[in-house]
Number of protein chains: 2
Amino acid sequence: MKLKIEPLTRTAFAPFGDVIDCSGAGHYTINDGFAERYHDLAKIDVASNGGRPLVNIFRAKPRELPFKVALMERHPLSSQAFVPLLPRAFLVIVAAFGQPPLATDLRCFRTTGMQGINYARGIWHHPLIALEGLQDFLVIDRGGPGDNCDEIQMPADIIVEG
Amino acid sequence: MKLKIEPLTRTAFAPFGDVIDCSGAGHYTINDGFAERYHDLAKIDVASNGGRPLVNIFRAKPRELPFKVALMERHPLSSQAFVPLLPRAFLVIVAAFGQPPLATDLRCFRTTGMQGINYARGIWHHPLIALEGLQDFLVIDRGGPGDNCDEIQMPADIIVEG
């Protein structure tokens, strides 16, 4: 089956987590007028089972379209946030329902280039899909005890086309 | 007095917190070879007194050199991390010793453009100093009860020159 690419919006992504960007976010002026603070953009949910927030950089190789969705993963103990360190679009594939997800549960979003995302705890998602060259992302996830990654193989015929 | 600008390195900044970049950081391969994870780059210290991590974007106006250091601040309950969302340099002014800091305690670092920083809890620092146009930073700090910002006016003669 073909998986359609949708534009990423705060409303469309709400069932899966947070969109991290300034557009539509609450904000106020700080630093004597030298900065605007866009406040509290993601629910960082990492404390369960003795967890702590980890800050990392993922340096991602680009993928090419059409793209085959072979595997999905989830983190049962934590959220996971990705914020691009260059203003470039990337793809975000998540599952709306299903335990494990079915092919028909998947949604695929393309970011604007100015957006990061935060997967809510337990949301099935595809590993990072950069599109435009080697790219660094700031990643906020969890360190601590417990097994925090489930993976599932998907049927062979799920294709994301450009 | 004139405050000298030094290059930001992990070693030089160690007394004040963390440098968030890939250079010299521990890393390993993930996502079937499609990404390199530079792991655990900053100590996020926000849990005291019922705190939780906040993710924000600060949109900063640039400052011009020479620059007068009028005020320093510190967050007694938390760390605070700044990661630029465009690869541009910014200035970081911190105080090595002193409670409150003296002019002679200050250090000023210029980032490479590929570096973020994380101020350790309680470290005196100057508010964000962007240099190259309007710039967004991802900021990880703390939400929760308690007064988490102390400010102090500095003597009038501390100047950062280009």
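Thresholds applied
- Residues numbered from 1 in each chain as written.
- Chains lettered and ligands numbered in written order.
- Predicted model: local features only at pLDDT ≥ 70, side-chain atom pairs only at ≥ 80, totals over all residues.
- Heavy atoms only, no water.
- Helix = DSSP H or I, 4+ residues; strand = E, 2+ residues; numbered from the N terminus.
- Rg over C-alpha atoms; globule rule 2.2 N^0.38 Å.
- Buried < 20%, exposed > 50% of the residue type's maximum accessible area, 1.4 Å probe, protein only.
- Contact = heavy atoms within 4.5 Å.
- Lys, Arg positive; Asp, Glu negative; His and termini not counted.
- Charge placed at Lys NZ, Arg CZ, Asp CG, Glu CD.
- Buried area = accessible area lost by both parts, 1.4 Å probe.
- Salt bridge = Lys/Arg side-chain N within 4 Å of Asp/Glu carboxyl O.
- Polar contact = N/O pair within 3.5 Å; in protein donor to acceptor, adjacent residues only side chain to side chain.
- Pairing = 2+ DSSP bridges.
- Least-squares fit on C-alpha atoms with pLDDT ≥ 70 in both.
- Phe/Tyr/Trp six-rings, centres within 6.5 Å; stacked < 30°, edge-to-face > 60°.
- Core = buried A, V, L, I, M, F, W, Y, C linked by side-chain atoms within 4.5 Å.
- Disulfide = S-S within 2.5 Å.

1. A short note on the overall build of chain A
So, point 1. Within chain A, the secondary structure is distributed over 1 helix and 16 strands.
So, point 2. On C-alpha atoms alone, chain A measures out to a radius of gyration of 16 Å, which is about the 15 Å that the 2.2 N^0.38 rule sets for 162 residues.
So, point 3. Relative to its 162 residues, chain A shows a buried fraction of 56%.
So, point 4. Residue pairs in contact within chain A that sit at least 24 positions apart in sequence constitute 81% of those at least 6 positions apart.
So, point 5. Positive and negative side-chain charges in chain A, numbering 16 and 18 respectively, have mean positions lying 2 Å apart.

2. Side note on the interface of chain B and chain A
So, point 1. Counting residues at the interface gives 40 residues for chain B, matched by 40 residues for chain A.
So, point 2. The contact between chain B and chain A buries some 3500 Å² in all, and 61% of this surface belongs to carbon and sulfur atoms.
So, point 3. One can count 4 salt bridges joining chain B with chain A.
So, point 4. Where Arg37 of chain A meets Asp141 of chain B, a salt bridge forms, and the shortest distance between an N and an O atom there is 2.9 Å.
So, point 5. The interface formed by chain B and chain A includes 20 residue pairs in polar contact (both at pLDDT 80 or more).

3. Things to note about the sheet that holds strand S11 (residues 106-110) of chain B
Sheet strands line up and pair through hydrogen bonds in the backbone, either parallel or antiparallel.
Residue and element names in this part refer to chain B.
So, point 1. Spatial strand order, S2-S11-S10-S13: 4 strands in an open sheet with mixed pairing. The strands lining the two open edges of the sheet, one partner per strand, are strand S2 (5-7) and strand S13 (129-130).
So, point 2. In the sheet, strand S10 (residues 90-95) pairs with S11 via 5 bridges, with the strands oriented antiparallel. In the sheet register, Val94 faces S11, and the bridge partner there is Arg107.

4. As for the pairing of strand S12 (residues 116-119) of chain A
Residue and element names in this part refer to chain A.
So, point 1. Every second residue of S12 is oriented toward a common face, with Gly116 and Asn118 on one face and Ile117 and Tyr119 on the other, all of them buried.
So, point 2. Summarising the sheet, strand S3 (residues 17-20) and S12 pair through 4 bridges and their orientation is antiparallel. If you follow Gly17 over to S12, its bridge partner there is Tyr119.
So, point 3. Where strand S9 (residues 80-84) and S12 come together, 3 bridges link them in antiparallel fashion. Residue pairing for S12: Phe82 is matched across the bridge by Ile117.

5. Some words on the relation of the copies chain B and chain A
So, point 1. Of the transformation placing chain B onto chain A, the axial shift is 0.0 Å and the rotation is 180°, giving an RMSD of 0.0 Å. On the angle and the small slide along the axis, the relation comes out as a two-fold axis. Minimal C-alpha distance to the rotation axis in chain B is attained by Leu85 of chain B, lying at 2.3 Å.
So, point 2. When the interface residues of chain B are mapped onto chain A, 100% of them again fall at the interface, so both copies present the same face.

6. Points about the packing of aromatic side chains
Both the distance between ring centres and the angle between the ring planes are used here to describe each pair of aromatic rings.
So, point 1. According to the stated counting rule, one finds 14 aromatic pairs over all chains in the structure shown.
So, point 2. An angle of 50° between the planes, with centres 5.7 Å apart, marks the rings of Phe13 of chain A and Phe16 of chain A as tilted. Each member of the pair, Phe13 of chain A as well as Phe16 of chain A, carries the same accessibility label: buried.
So, point 3. Ring centres of Phe16 of chain B and Phe109 of chain B lie 6.1 Å apart, and the angle between their planes is 55°; this geometry places the pair in the tilted category. Residue Phe16 of chain B is found in the loop between helix H1 (10-13) and strand S3 (17-20), and its partner Phe109 of chain B is found in strand S11; the two are separated by 93 residues along the sequence. Each member of the pair, Phe16 of chain B together with Phe109 of chain B, is buried.

7. Notes on the nonpolar core
So, point 1. Counting residues in hydrophobic clusters, the biggest one holds 30 residues, and the most contacted among them are Ile20, Ile57 and Leu138 of chain A together with Ile20, Ile57 and Leu138 of chain B.
So, point 2. Looking at this core, the elements with two or more residues in it are strand S6 (52-60), S9 and strand S14 (135-143) of chain A together with strand S6 (52-60), strand S9 (80-84) and strand S14 (135-143) of chain B.
So, point 3. Setting aside its immediate chain neighbours within four residues, Leu138 of chain A contacts Val55, Asn56, Ile57, Ala81, Phe82, Val83 and Leu85 of chain A together with Ile20, Val83, Leu138 and Ile140 of chain B.

8. Regarding unusual backbone geometry
So, point 1. Look at the link from Leu65 of chain A to Pro66 of chain A: it is a cis peptide, with omega at -5°.
So, point 2. By secondary structure assignment, the location of Pro66 of chain A is in the loop between S6 and strand S7 (67-68).
So, point 3. Located in the positive-phi region is Asp32 of chain A, a residue other than glycine, with phi close to 55°.
So, point 4. Tracing the backbone through its elements, the reader meets Asp32 of chain A in the loop between strand S4 (27-30) and strand S5 (35-38).
So, point 5. A positive phi angle, near 55°, is found at Asn49 of chain B, a position not held by glycine.
So, point 6. The residue Asn49 of chain B is located in the loop between strand S5 (35-38) and S6 in this model.

9. Looking at the state of the cysteines
So, point 1. Summed over all chains, the structure comprises 0 disulfides over all chains.
So, point 2. Looking at Cys149 of chain B, it has no disulfide partner, and the nearest cysteine sulfur is the one in Cys108 of chain B, 19 Å off.

10. Points about the pairing of S14 of chain B
Residue and element names in this part refer to chain B.
So, point 1. In terms of burial, S14 is largely enclosed, as 9 of its 9 residues are buried.
So, point 2. Note that S6 and S14 share 9 bridges and pair antiparallel. Bridging across to S14, Arg59 finds its partner in Asp136.
So, point 3. Note that S9 and S14 share 4 bridges and pair antiparallel. For Val83, the partnering residue across the bridge sits in S14 and is Leu138.

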